[in-house]
Amino acid sequence: MENGSVVTFILKPYTELEDHRYLYFTGFLLLFILMVLTNVILITIIYIERGLHEPMYVFMCNLAVNGIYGAISLLPSVLVNLTSHTYEISLTACLLQIYCIHTYAAVEFTTLAVMGYDRFVAICQPLHYCQLMSHRKVCTLIALSWMYPCIVFGLYFILTAQRTFCDRIIERVYCISFELLKLSCLEISIQTQVGFVVAILLIVPQLLMILFSYAQILRVCLFASKESQTKAIQTCTPHLLSVINYSVGCLFELISNYLKFSHFNTAQVPYKARIFLFLYFMIIPPLFNPVIYGVTITAIRVQIFKLFTTCKNKLG
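Here the structure is a predicted model, which means the values were calculated and not measured. (Residues numbered from 1 in each chain as written. Predicted model: local features only at pLDDT ≥ 70, side-chain atom pairs only at ≥ 80, totals over all residues. Heavy atoms only, no water.)

A. The arrangement of the overall build of the chain in detail. Regarding its fold elements, the chain presents 10 helices and 3 strands. A principal-axis box enclosing the C-alpha atoms of the chain has dimensions of 65 × 55 × 40 Å. Per-residue burial for the chain yields a buried fraction of 46% across its 316 residues. Considering only contacts within the chain whose residues lie at least 6 apart along the sequence, 81% involve residues at least 24 apart. Working note: accessible area of the chain is about 16,600 Å², and carbon and sulfur atoms make up 71% of it. Distance from the positive charge centre (20 side chains) to the negative charge centre (15 side chains) of the chain: 11 Å. (Helix = DSSP H or I, 4+ residues; strand = E, 2+ residues; numbered from the N terminus. Buried < 20%, exposed > 50% of the residue type's maximum accessible area, 1.4 Å probe, protein only. Contact = heavy atoms within 4.5 Å. Areas by Shrake-Rupley, 256 points an atom, 1.4 Å probe, with all protein chains shown as cover. Lys, Arg positive; Asp, Glu negative; His and termini not counted. Charge placed at Lys NZ, Arg CZ, Asp CG, Glu CD.)

Following this line, the structure appears as structure tokens:
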């Protein structure tokens, strides 16, 4: 504690994982390796195969890069804390984790919104697709999917970083903005309102883009031939599965917050189940997104098979 302000925090949920800490460590280590490996494989295949240098696949690559960013933002910290006996995290490390985790989540949703727009153009305006999704525009959309969330949340993050803190206990396995603000020495109502505005800016435009895109796709498909409808479903299925996966993570986040702040008796829900709700949002989407695209998209599936066949022949 410096000048009355707390500079280290204790991540309380880790005390509930002490009984099988090495089992959890092994599990999270394997998850980390899988998350990085599957996303790297997807990025590598899209990079080396010229036939996949199309907007849809470039956006998938961007989603995979963000998946690796999210994995690195969370799991190394989890692994370190599982081998620790104090479960402490410094203020600097906590702030860094807050920025990385929140921007990961915002970039993920923004990228999914951009991918939804790409599917809308491909299905509803196929004759203008090359013009509307030119190389320059694709690069602009990718840059925007990173810059917009990082700048919007960054402005709010500055307010959090300027706070002083008078308590040490964080009820999460990782740092998030609201949990840290609750430990502030000063009143936080204004910053809570600013946070609500930031949340709207990072959720509503992207959500409207996804809803608009699929509303237009549905409208076109209603009057299209069976063959066109089948092709549209095949084209949209991977993206829809990713959106659903992300939405389930958001739902679990809301449920975990409801259990914590409502009058519901949280003792009825096992603590480890609540920890799972906390972690789903950060682990499952980046783990399963590359699997979804690798399984459902034939062009990627074929290239994965070729890659593994080549590696097998070289090792053999």
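B. Focus on the state of the cysteines. Tallied over the full model, the rule gives 2 disulfides. Put simply, Cys94 and Cys175 are joined by a disulfide, and their sulfur atoms are 2.1 Å apart. Judged by the torsion about the S-S bond (-120°), the Cys94/Cys175 disulfide is left-handed. You can see Cys94 sitting in helix H3 (residues 91–124) and its partner Cys175 sitting in the loop between strand S3 (169–170) and helix H6 (177–181), a full 81 residues away along the chain. Exposure remark for Cys175: the relative accessible area of 0% places this residue in the buried category. (Disulfide = S-S within 2.5 Å.)

C. Broad picture of the pairing of strand S1 (residues 8–11). Only one face of S1 is buried: it carries Phe9 and Leu11, and the other face, with Thr8 and Ile10, is open. Direction of pairing for S1 relative to strand S2 (residues 88–90): antiparallel, over a ladder of 3 bridges. Paired with Ile10 across the strands is Glu88, a residue of S2. Alignment of S1 against S3, held across 2 bridges, turns out to be parallel. Bridge assignment links Leu11 to a residue of S3, and that residue is Ile170. (Pairing = 2+ DSSP bridges.)

D. Local environment of the environment of Val114. Along the chain, the position of Val114 falls in helix H3. Under the relative-accessibility criterion, Val114 is labelled buried at 12%. The spacing of Val114 and Glu227 is 113 residues in sequence and 26 Å in space, taken between C-alpha atoms. Sequence-distant contacts of Val114, that is, excluding residues within four places in its chain, are made with Phe59 and Leu141.

E. Spatial organisation of a nonpolar patch on the surface. Side chains of Phe196, Val197, Ile200, Leu201, Ile203, Val204, Leu207, Leu208 and Leu211 sit close together on the surface and give an oily, nonpolar patch of about 790 Å² of accessible area. Structurally, Ile200 is set in helix H7 (residues 189–222). (Patch = residues over 30% accessible without salt bridge, like charges linked within 9 Å, V, L, I, M, F, W, Y side chains within 5 Å. Salt bridge = Lys/Arg side-chain N within 4 Å of Asp/Glu carboxyl O.)

F. Spotlight on empty space enclosed by the protein. In this structure the tally under the stated criterion is 2 cavities of 30 Å³ or more. Computed from the structure, the largest cavity encloses a volume of approximately 60 Å³. Along its surface, the largest cavity is lined by Met56, Phe59, Met60, Met115, Asp118, Arg119, Thr235, Pro238, His239 and Tyr293. Elements with a minimum of two residues in the lining of the largest cavity: helix H2 (55–82), H3 and helix H8 (226–261). Per-class residue counts for the lining of the largest cavity are 6 nonpolar, 2 polar and 2 charged. Quantified by volume, the second largest cavity comes out at close to 40 Å³. Around the second largest cavity, the lining residues are Asn39, Leu42, Met60, Leu63, Ala64, Gly67, Pro286, Asn289, Pro290 and Tyr293. Sorting the residues of the lining of the second largest cavity by element identifies helix H1 (21–48), H2 and helix H9 (271–296) as the ones contributing at least two each. Looking at side-chain class alone, the lining of the second largest cavity contains 7 nonpolar, 3 polar and no charged residues. (1 Å grid on protein atoms, 1.4 Å probe; cavity = no way out; pocket = protein on both sides within 12 Å on 5 of 7 lines; lining within 4 Å. Points joined across faces, edges and corners; volume = space filled by probe spheres on them. Nonpolar A, V, L, I, M, F, W, Y, C, P; charged D, E, K, R; others polar.)

G. Region of interest: the layout of surface pockets. Estimates place the volume of the second largest pocket at around 570 Å³. Arg119, Ile123, Lys231, Ala232 and Thr235 are, among the 23 residues lining the second largest pocket, the residues nearest its centre. Contributions of two or more residues to the lining of the second largest pocket are made by H2, H3, H7, H8 and helix H10 (298–315). The element best represented in the lining of the second largest pocket is H8, accounting for 7 residues. The residue makeup of the lining of the second largest pocket, split by class, is 14 nonpolar, 6 polar and 3 charged.

H. Broad picture of the environment of Ile283. Counting through the fold element by element, Ile283 comes out in helix H9. Once the C-alpha coordinates of Ile283 and Thr111 are considered, the two residues, 172 residues apart in sequence, prove to be 17 Å apart.

I. Spatial organisation of the side chain of His239. The topology assignment puts His239 in helix H8. According to the relative accessible area criterion, His239 is buried, its value standing at 3%. Engagement of the side chain of His239 in a polar contact is seen with the side chain of Tyr214, the distance being 2.6 Å. Setting aside its immediate chain neighbours within four residues, His239 contacts Leu112, Met115, Gly116, Tyr214 and Tyr293. (Polar contact = N/O pair within 3.5 Å; in protein donor to acceptor, adjacent residues only side chain to side chain.)

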